[in-house]
Amino acid sequence: MVEPLDEPKLGEYSPAEIEAGRVLFARQATFMLGCAKIEQLPEPDLPEIAFAGRSNVGKSSLINGLVGMNKLARASNEPGRTREVNFFNLDDKMRLVDLPGYGWAKASRKEVRRFQDLGRDYLRGRVTLKRVYLLIDSRHGLKKVDDEALDALDLAAVSYQIVLTKADKLKKGEAEKVQAATLKAIAKRPAAYPHVAVTSSEKGLGLPELRAEIMRTCGIVLD
């Protein structure tokens, strides 16, 4: 009798998964386009994962860190600069999607609402969207400003996972405390994935595991 394979545990990945993630994200990644209107979105013909978060949370740095490129996604010192849905093609296997930031955007209230509505439209109607990774600065944890994003993701019934960024800025042991507090805070949210990732784009902390998680989520098998 063949014993059934154990289900993979949340946040744990085999050496083979880690290596497959490394290989995939080392392949060619290119900027496709930025969409200011829902009608401009590319055809939904590849699996997609999206990144969301407050302005200056480190979305561009995380995307660049995952693919090992310094300038694929453009970081900015001006909060709220990302006002389009930006698509990146990874080896024609999947797309990485950078959603408009929220929070301290230097724009009129009308303009802020416009690009935030664009992000919501994308979440509601994208059939190839496998998961949203919601980035939270580990130094601050979840804030009131994040509630609207969490509510929008729950309403859209899109699977999302919290990713703590800038963990290298914390003292020893603090990241685990923030991780546990965050997991407790989202425990009753219907669309939240029940594992909180801890990362540092600067130090590479957690990126191999996040690559493996993305591959597992998208069901990608390398040739």
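Up top is the structure.
Criteria and cut-off values
- Residue numbers restart at each chain and count upward from 1, following the sequence in its written direction.
- Selection of residues for local features in this predicted model requires a pLDDT of at least 70, selection of side-chain atom pairs for listing and counting requires 80 or more, and totals for whole chains, interfaces and linings are taken over all residues.
- Working from all heavy atoms in the structure, the side-chain values ignore hydrogens and water.
- Counting from the N terminus, the helices are the DSSP runs of H or I reaching at least four residues and the strands are the DSSP runs of E reaching at least two.
- Distance and chemistry together define a polar contact, namely a pair of N or O atoms within 3.5 Å, with one atom able to donate a hydrogen and the other to accept it when in protein, and with adjacent residues in sequence counting only for side-chain atoms on both sides.
- The contact rule is simple, with two residues in contact once any of their heavy atoms fall within 4.5 Å.
- In this description, a line fitted to the C-alpha atoms serves as the axis of each element, helices being fitted only across the stretch in contact, and the angle between N-to-C directions of two axes falls anywhere from 0 to 180 degrees.
- The scheme is simple: roughly parallel for angles under 35 degrees, roughly antiparallel for over 145, roughly perpendicular for 65 to 115, oblique for anything else.
- For this classification, Asp, Glu, Lys and Arg are treated as charged, while Ala, Val, Leu, Ile, Met, Phe, Trp, Tyr, Cys and Pro are nonpolar and the rest, including Gly, are polar.
- Whether two aromatic rings pair depends on their centres lying within 6.5 Å, for rings of Phe, Tyr and Trp, where Trp uses its six-membered ring; planes under 30 degrees apart make the pair stacked, over 60 edge-to-face, and the rest tilted.
- Here's how the labels work: a residue is buried when its accessible area is under 20% of the maximum for its type, exposed when over 50%, partly exposed in between, all with a 1.4 Å probe on protein chains only.
- For two strands to be treated as a pair, DSSP must find at least two bridges joining them.
- Whether a crossover is right-handed depends on one test, that the path from the first strand over the helix to the second runs clockwise when the strands point away from the viewer.

(A) Region of interest: the side chain of Arg-131. When you line up the elements, Arg-131 lands in strand E5 (residues 129-137). Here Thr-217 takes part through its side chain, which lies 3.1 Å from a polar atom of the side chain of Arg-131. The contacts of Arg-131, once residues within four sequence positions are left out, are Glu-48, Ile-49, Ala-50, Ser-159, Tyr-160, Gln-161, Tyr-193, Glu-213 and Thr-217.

(B) Quick peek at the packing of helix H1 (residues 15-26) against helix H6 (residues 207-218). Taken N-terminus to C-terminus, the directions of H1 and H6 make an angle of 90°; their axes are 8 Å apart at the nearest point. Classified by the angle between their axes, H1 and H6 sit roughly perpendicular to one another. Seen from H1, the contacting residues are Glu-17, Ile-18, Ala-20, Gly-21, Arg-22, Leu-24 and Phe-25; seen from H6, they are Pro-208, Glu-209, Arg-211, Ala-212, Ile-214, Met-215 and Arg-216. Residues that form the contact of H1 with H6 fall into these classes: eight nonpolar, one polar and five charged.

(C) Fine view of the packing of aromatic side chains. Per the counting criterion, the structure on display carries three aromatic pairs. Where Phe-87 meets Tyr-122, the ring centres are 6.0 Å apart and the plane angle is 80°; that geometry is what we call edge-to-face. With Phe-87 in strand E3 (residues 85-90) and Tyr-122 in helix H3 (residues 109-125), the pair connects residues that are 35 residues apart, well separated along the chain. Each member of the pair, Phe-87 together with Tyr-122, is buried.

(D) Representation of the side chain of Asn-89 in the model. As for its position among the elements, Asn-89 is in strand E3. A relative accessible area of 13% places Asn-89 in the buried class. In this structure, Asn-89 is in contact with Gln-28, Ala-29, Thr-30, Met-32, Leu-46 and Met-94, ignoring residues within four places of it in sequence.

(E) Seen up close, helix H2 (residues 59-67). Buried residues dominate H2, accounting for eight of its nine residues. Taken residue by residue, H2 has Lys-59, Ser-60, Leu-62, Ile-63, Asn-64, Gly-65, Leu-66 and Val-67 as its buried positions. One or two positions beyond H2, positive phi appears at Gly-68, with a value near 70°.

(F) Expanded view of the pairing of strand E6 (residues 160-165). Within E6, six of the six residues are buried, which leaves the element mostly enclosed by the surrounding structure. Because side chains alternate across E6, one face comprises the buried residues Tyr-160, Ile-162 and Leu-164, and the other comprises Gln-161, Val-163 and Thr-165, equally buried. In the sheet, E5 pairs with E6 via six bridges, with the strands oriented parallel. Its bridge partner lying in E6, Ile-136 is registered against Leu-164. In this fold, the crossover linking E5 to E6 by way of helix H4 (residues 144-156) has right-handed handedness. Where E6 and strand E7 (residues 197-198) come together, two bridges link them in parallel fashion. Within the sheet, the bridge partner assigned to Leu-164 lies in E7 and is Val-198. Handedness of the crossover joining E6 and E7 through helix H5 (residues 174-185) is recorded here as right-handed.

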